Amino acid sequence: MNYDNTQYAVRGTRYELIDTHAHLAFEPLINDIDAVLKRSIEAGVTRWITVGTNMDENRKSVELAEKYDNLYAALGIHPHDAKKVTAENLTELERLARHQKVVAIGETGLDFHYNFSGQSAQKEVFKNHLALAAKLGLPVIIHSREAFDDTVAIIEQQGGGVEKIVFHCFTGTADQAKVILDKGWYISFTGVVTFKNANDIRQAAKVVPPDRLMLETDCPYMTPEPMRKQKVNEPALMIHTVKFLADLKGVSFEELAIAATANSRIFFNIHD
Ligand SMILES: [Zn+2]
Ligand SMILES: [Zn+2]
């Protein structure tokens, strides 16, 4: 495969990027994890938050975080799987989430695009996750698709004890971004912002100030342009999204990288 990861990020630069949302326990990434992380480090993406979406992945995510120094975990059950959640799952989730390398609860939220689980089941599990995050003092990674108003309403009603919220893989409008910013929450962008048809998302990215923005791959999905033909996304490719966003916002690659990394460290309480 023809990687061009050193195009923007070279060894010895002052910035280090954090991929704040990667599914490293997913296949095929997990099968080749050492090489995936090595390519990432070569591209300047030196820390990762791997995100679990079901209990099997949550366990694997904690194992990965235990094995690799700069790798952290976020644990949750995706709204797609809400209908399958048992009381036992939630007990185990809480036990796993007390691990010192677990830095967030999520992804959790509402997905009314696919509706793989009924909307009431999704809302119930989302509220459980918010309560768990409040109890453990952890930030929450929100997945929201075609459910913006309901997502915001549930956070307002149930998220009282939650200190920090990020809307991940933001695909909303500039007006929705403003609502999130007004509430003091964060917004994270994936390679979707580079897609041809993503004009609304680009308008939204323009209104997000550097101190409220984070970066992620959501790999193995959402491969950014110009690498979109490479079907499996991975953390090294995040630099293409950074470059694109920097150009869009009229700042340098390095400025955006430094700001996003500082935000991510504060948000996820990563200080090593
Ligand atoms: Zn998501
Ligand atoms: Zn995800």
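Cut-offs and rules
Residues numbered from 1 in each chain as written. Chains lettered and ligands numbered in written order. Predicted model: local features only at pLDDT ≥ 70, side-chain atom pairs only at ≥ 80, totals over all residues. Heavy atoms only, no water. Donors = N, O, S within 2.8 Å, 3.2 Å for Na, K, Ca; no water. Helix = DSSP H or I, 4+ residues; strand = E, 2+ residues; numbered from the N terminus. Tetrahedral: all angles 85-135°; square planar, octahedral: opposite > 155°, others 65-115°. Buried < 20%, exposed > 50% of the residue type's maximum accessible area, 1.4 Å probe, protein only. Pairing = 2+ DSSP bridges. Axes fitted to C-alpha atoms, helices over the stretch in contact; angles between N-to-C directions. Contact = heavy atoms within 4.5 Å. 1 Å grid on protein atoms, 1.4 Å probe; cavity = no way out; pocket = protein on both sides within 12 Å on 5 of 7 lines; lining within 4 Å. Points joined across faces, edges and corners; volume = space filled by probe spheres on them. Nonpolar A, V, L, I, M, F, W, Y, C, P; charged D, E, K, R; others polar. Salt bridge = Lys/Arg side-chain N within 4 Å of Asp/Glu carboxyl O. Right-handed = clockwise from strand over helix to strand, strands pointing away. Lys, Arg positive; Asp, Glu negative; His and termini not counted. Polar contact = N/O pair within 3.5 Å; in protein donor to acceptor, adjacent residues only side chain to side chain.

Colleague: Go over the coordination of the zinc ion (ligand 1) with me, naming the residues and quoting the values.
Modeller: Distances from the zinc ion (ligand 1) to its protein donors, Glu107 (OE), His143 (ND1) and His168 (NE2), fall at 2.0 to 2.1 Å. Read from N- to C-terminus, the donor residues coordinating the zinc ion (ligand 1) fall into the pattern E-x35-H-x24-H. Between the two metals, the zinc ion (ligand 1) and the zinc ion (ligand 2), the spacing is 3.5 Å, and Glu107 donates to both. Of the two residues, Glu107 sits in strand β4 (residues 102-111) while His143 sits in strand β5 (residues 140-145), which places them 36 residues apart along the sequence.

Colleague: Describe the coordination of the zinc ion (ligand 2), naming the residues involved and giving the relevant values.
Modeller: Those donors, His21 (NE2), His23 (NE2), Glu107 (OE) and Asp218 (OD), are the protein atoms that reach the zinc ion (ligand 2), and they lie 2.1 to 2.3 Å from it. Considering all four donor atoms around the zinc ion (ligand 2), angles at the metal cover 85 to 179° and the coordination shape is irregular. Here the donor residues for the zinc ion (ligand 2) map to a single chain with the spacing H-x1-H-x83-E-x110-D. With a relative accessible area of 1%, His21 lands in the buried category. Judged by relative accessible area, which is 7%, Asp218 ranks as buried.

Colleague: Got a sec to walk through the sheet that holds strand β7 (residues 186-189)? Specific residues and values, please.
Modeller: The strand order β1-β2-β3-β4-β5-β6-β7-β8 describes an open sheet built from eight strands, whose pairing is parallel. If you trace the sheet from one side to the other, it starts and ends with β1 (17-22) and β8 (213-215), each paired once. With direction set aside, neighbouring strand axes in the sheet form an average angle of 30°. In this structure, β4 lies alongside β5, joined through five bridges in parallel fashion. From the neighbouring strand, Thr108 faces β5, where its bridge partner is Ile142. Those strands touched by helix α8 (residues 238-249) are β1, β2 (45-51), β7 and β8, and its axis lies near 110° from that of β1.

Colleague: A description of the layout of surface pockets should follow, citing residues and the corresponding values.
Modeller: There is about 660 Å³ of room inside the largest pocket. As for the largest pocket, its lining consists of 25 residues, of which Asp111, His143, Arg145, Cys169 and Met222 are closest to the centre. Those elements that provide at least two residues to the lining of the largest pocket are β4 and β5. Of all the elements, β5 adds the most residues to the lining of the largest pocket, at three residues. Grouping the amino acids of the lining of the largest pocket by side-chain chemistry returns ten nonpolar, ten polar and five charged. As a volume, the second largest pocket reaches approximately 190 Å³.

Colleague: Tell me about the pattern of salt bridges, residues and numbers included.
Modeller: The tally for this structure, following the rule as stated, stands at 13 salt bridges. When the shortest N-O distance is used, the salt bridge between Glu94 and Lys135 registers 2.9 Å. With Glu94 in helix α3 (residues 87-97) and Lys135 in helix α4 (residues 119-136), this residue pair connects regions lying 41 residues apart in the sequence. Under the relative-accessibility criterion, Lys135 is labelled exposed at 55%.

Colleague: Can you lay out the pairing of β4 for me, pointing to particular residues and giving the numbers?
Modeller: Regular strands show a simple pattern: their side chains alternate between the two faces of the sheet. Counting buried residues along β4, ten of its ten residues qualify, which places the element largely inside the surrounding structure. Summarising the sheet, strand β3 (residues 71-75) and β4 pair through three bridges and their orientation is parallel. When the bridges of β4 are listed, Ala74 appears paired with Ala104. One crossover worth recording links β4 to the parallel β5 by way of α4, and it is right-handed.

Colleague: Mind laying out the side chain of Lys164, listing which residues take part and the relevant values?
Modeller: Tracing the chain through its elements places Lys164 in the loop between α5 (148-158) and β6 (165-167). For the buried Lys164, no salt bridge exists, and the shortest N-O distance to an oppositely charged side chain is 4.9 Å, to Glu163. Of the polar contacts made by the side chain of Lys164, one reaches the backbone oxygen of Phe267; its length is 2.9 Å.

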